[in-house]
Amino acid sequence: MRALGLALRFLWIGVAGQMQYRANFVAQLARSLVGLALGLAGLGVVLSNTPVLAGWRARDLLALLGVYTLVGGVIGLFVRPSMQALMRDVHLGRLDFALVLPEDAQLVASVGRVNAWSLFDVALGLGMIGYSALATGHMGILQVLTLVVTLLAGLAVVYSFWLALACSSFWLLKVENVLLVFDDLYEAARWPLSIYPGWLRWALTLLVPVALAVTFPAQTLRGQLGWWQVTGAVAAASVSLWLSRRLWLAGLRRYSGASS
Amino acid sequence: MIALAGVYLAQLRVHLASQLQYRAALLLYQLSAVVEPVVSLAVWSAVASARGGEVRGYAARDFAAYFVVVMVVNHLTRTWTMNEFDSRIAEGTLSLSLLLPAHPIHNDVSDNLASKLITAPVVWALAGVLSVGFGAVFDLSARRVALFALAALLAFVLRFALEWMVALLAFWTTRSSAFNGLYLTALLFLSGQFAPLGVVPVPLREVADLLPFRWMISFPADVLLGRGGVSWALRGLGAQCLWLAVVVMLLAVVWRLGLRRYTAVGS
Amino acid sequence: MDATAITTRGLSRSFRFTVREPGLGAALRSLLRPTTHEVRAVEAVSFEIGAGEIMGLLGQNGAGKTTLVKMLAGLLHPSSGEVRALGHVPWRREKGFLRRIALVMGQRYRLDWHLPAAESFEMYRAIYRVPRQECRRTLSDLCDLLDLGEVVLKPVRMLSLGERMKCELATALLHTPDLLFLDEPTIGLDVEMQARIRGFLLEYNRRRGATVILTSHYMADVEALCERVLLLDRGRVLYDGDLGALSRRLGTHKTVRVEVAGPAPELGRYGEVVERTATGARLRVPRESVPEVTARLLSEHIVSDLTVEDVPLEEVVRLAFASGVSA
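The rules behind the values
Residues numbered from 1 in each chain as written. Chains lettered and ligands numbered in written order. Predicted model: local features only at pLDDT ≥ 70, side-chain atom pairs only at ≥ 80, totals over all residues. Heavy atoms only, no water. Helix = DSSP H or I, 4+ residues; strand = E, 2+ residues; numbered from the N terminus. Rg over C-alpha atoms; globule rule 2.2 N^0.38 Å. Buried < 20%, exposed > 50% of the residue type's maximum accessible area, 1.4 Å probe, protein only. Areas by Shrake-Rupley, 256 points an atom, 1.4 Å probe, with all protein chains shown as cover. Contact = heavy atoms within 4.5 Å. Buried area = accessible area lost by both parts, 1.4 Å probe. Salt bridge = Lys/Arg side-chain N within 4 Å of Asp/Glu carboxyl O. Polar contact = N/O pair within 3.5 Å; in protein donor to acceptor, adjacent residues only side chain to side chain. Nonpolar A, V, L, I, M, F, W, Y, C, P; charged D, E, K, R; others polar.

Student: So, the overall build of chain B: which residues are in play, and what are the values?
Tutor: Scanning chain B from terminus to terminus reveals 11 helices and 2 strands. Across chain B, helices and strands are ordered from the amino to the carboxyl terminus as α-α-β-β-α-α-α-α-α-α-α-α-α. For a compact globule of 267 residues, the expected C-alpha radius of gyration is about 18 Å, and chain B comes in at 20 Å, within 12% of that figure. Considering only C-alpha atoms, chain B reaches an extent of 60 × 40 × 35 Å along its principal axes. Across the 267 residues that make up chain B, the buried fraction comes to 48%. Carbon together with sulfur atoms contributes 69% to the accessible area of chain B, which is approximately 12500 Å² in total.

Student: Before we move on, could you go through the environment of C:Ala210 and cite the residues and values that matter?
Tutor: Residues and elements named next belong to chain C. Within the element layout of this structure, Ala-210 appears in the loop between helix 7 (191-208) and strand 7 (211-215). For Ala-210, a relative accessible area of 1% puts it in the buried group. As a C-alpha pair, Ala-210 and Gly-52 span 158 residues in sequence and 4.8 Å in three-dimensional space. Setting aside anything within four residues of it in sequence, one finds Ala-210 in contact with Gly-52, Glu-53, Pro-177, Asp-178, Tyr-204 and Asn-205.

Student: Any details on the interface of chain C and chain A? Residues and values, ideally.
Tutor: How large an interface is tends to be reported as the accessible area lost when its parts come together. At the junction of the two partners, chain C supplies 28 residues and chain A supplies 28 residues. Buried area between chain C and chain A, summed over both chains or domains, comes out near 2700 Å², and the portion from carbon and sulfur atoms is 61%. Taken as a group, C:Leu75, C:Met123 and C:Ile127 account for 22% of the area that chain C buries against chain A, more than any other trio of residues on that side. One can count 2 salt bridges joining chain C with chain A. Between A:Asp96 and C:Lys70 there is a salt bridge; the shortest N-O distance is 3.6 Å.

Student: Help me get a handle on the interface of chain B and chain A, residues and values and all.
Tutor: Taken residue by residue, the interface counts 32 residues in chain B and 28 residues in chain A. Carbon and sulfur atoms make up 76% of the surface buried where chain B meets chain A, a total of about 2500 Å² over both sides. Seen at the junction of chain B and chain A, the total is 0 salt bridges. The interface formed by chain B and chain A contains 4 residue pairs in polar contact (both at pLDDT 80 or more). Elements that contribute at least two residues to the side of chain B that touches chain A include exactly helix 2 (23-50) and helix 8 (176-190) of chain B. Top element by residues in the side of chain B that touches chain A is helix 2 of chain B. It accounts for 14 residues. For the side of chain B that touches chain A, a count of residues per class yields 25 nonpolar, 4 polar and 3 charged.

It is worth stressing that arrangement in space is one thing and function is another; only the former is reported here.
This is the structure in structure tokens:
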């Protein structure tokens, strides 16, 4: 709760800061809309050739695109700016301000930087998910619940992944480039996982966990996610949060020189 | 002409040296070159299997061959001045390069060539791996390869000139990245990058026919894969030359107008 | 309240790093058997600071000032030795400790660039969990003292460097810390603004009884604020004590500036000539012979101007490092 409060406060700071730049507003909105157009055009071209892609109907694919946009938006909102700043601060040895605050340092480092414009993507993603849910017709409370749970689990996994990468900069130089790999592979998540060859499916599940973050939640909208899968997602989220926490603490110990 | 060649040689050497410093990063960047065609390939293979193995004359292995070649062409013709031009204006490095006695475009060309020299072997090797992995079959002849080389060269020059012109938009707006995004999206669908133009909806194809984009990416691929005969390929080369003439003329005008604006604003 | 704010005993910190010759062969060799060097940044530093004291930390670049401050603030773990600050072990970074300290760095800013400082105040109020009422009172105090007024309502990017530093200070003091670390707080500011910041810091120290650790390259900062200084040289304590005593001990000379009517004669016999001008000179004269030298100058030349100055603190500190005074 405390974490959410702090995140919202940082978010507000970010939004208030950017609201002074009206020209940015238009440009950034245009950017998000172009991204949306790109996604929809892709769907359009594919659906003009077949009504069903690997078992996914039009509205399923739209939901998938929605989750893709939403998760990408949340990453852009908090995760990417904060983690990039974290890596920079670690390299330049100026994590100090985050460490002298009487607040969990991981929390401050994780939500401290915000790119407010990604809220457009969050809104567009939510809109697409909502539209597709309405098109599906009646959605039970249970289905909504699984959607929320799998979304949160997916976000937790992706966040842990970024945190782990960022933390590796406590030991290694030049990890920024590895983050580009994430962006490249994330592109693949806008389509159903099942269309990819086996090795890529594994890479997208284990190496870079975009499958869990995007495909799983979208599948709940098709009503094709069993209980064991939801449980698995929650378990994966818990494990990865725990692991990245350990890595963060180890990194801090190294930063303050307790381990060397 | 000889003087210009000297300039290129010198610039090429500098760019090669500086890019070799970052070779690891440079190779990592090539990953996006692979992901994109693999995604397209997977999507269209799925479409093909949903339609019983074929989409308007393209079977899964045809898609494989097409996207592998598109990947190679896209790598050869890719430019990145667009992403840098606004910061060149903002940080004043453009003013510095304007003081040099050679047009700034030459520096960008040699920077581009240097990067291609380093990364081409990697991308070609990756293309080989993908071809084997996805069962792409090529039926090549010396004539086709020669036509392809010519088409790819013209595609590079055309795309370079066009995208350099798009980059110049930064003279008029400080938010050029939004326009660049729009351009790249249009390019994705109208150049045959996302899907062969043969399988896109008819209205989209008609728009693509009116624009230069398809001559920058899908045309050389189609030439190599033998879609359309030799006479079609020759007509295509003609279209490339025509577009090149138009774009270069436009570029000259836009550059002059942009410079006038830049120096009038006076930063 | 404890009488002592900080105690350190034998506090040391060394850094280990691998050295490598250029070249591929050396790279491979260092992969197999890395050659490490150890640098002792801080070595066996022991001191005690009473609550409410202001201590200046002096030393050349690389003397270990930053390392020492980081250990005191809990940002670095000591290699050996003990440190306690406000009754806590700093590197455990307990919230109870962090809520009572603040760190101000002259070259680094924590205020959001795009926003008015008032907006950031609100955030730090939440992070430090300062009750709203109390925060309002503290803020109005700080704004008075720093003469902030409308400044906190302007976006930070539109502030001058001095205004920005004042806002940074207000941010750092929002939770009324008992222990304040100041690293070059006046760097880059003009002389008048430096003086105002100093005045403010003194006032804050007086009102709240806060302990202050100051590092600065400006001797004027140190002179105005610190009664006590700690001189660090290559990680070791060179001098710990009263600033006045140091300057008396090392200030064995005074500067005599003399101007005569007409071209300057040879003045070397009165003292060591530090600087020569067309019509006079600056002389270094032993403290005890100053009366005699000035009397002789006045009687033997047509003097148009004559002043006697203490050796500036910069000079004292330079001397201290050169001669290696011991505490």
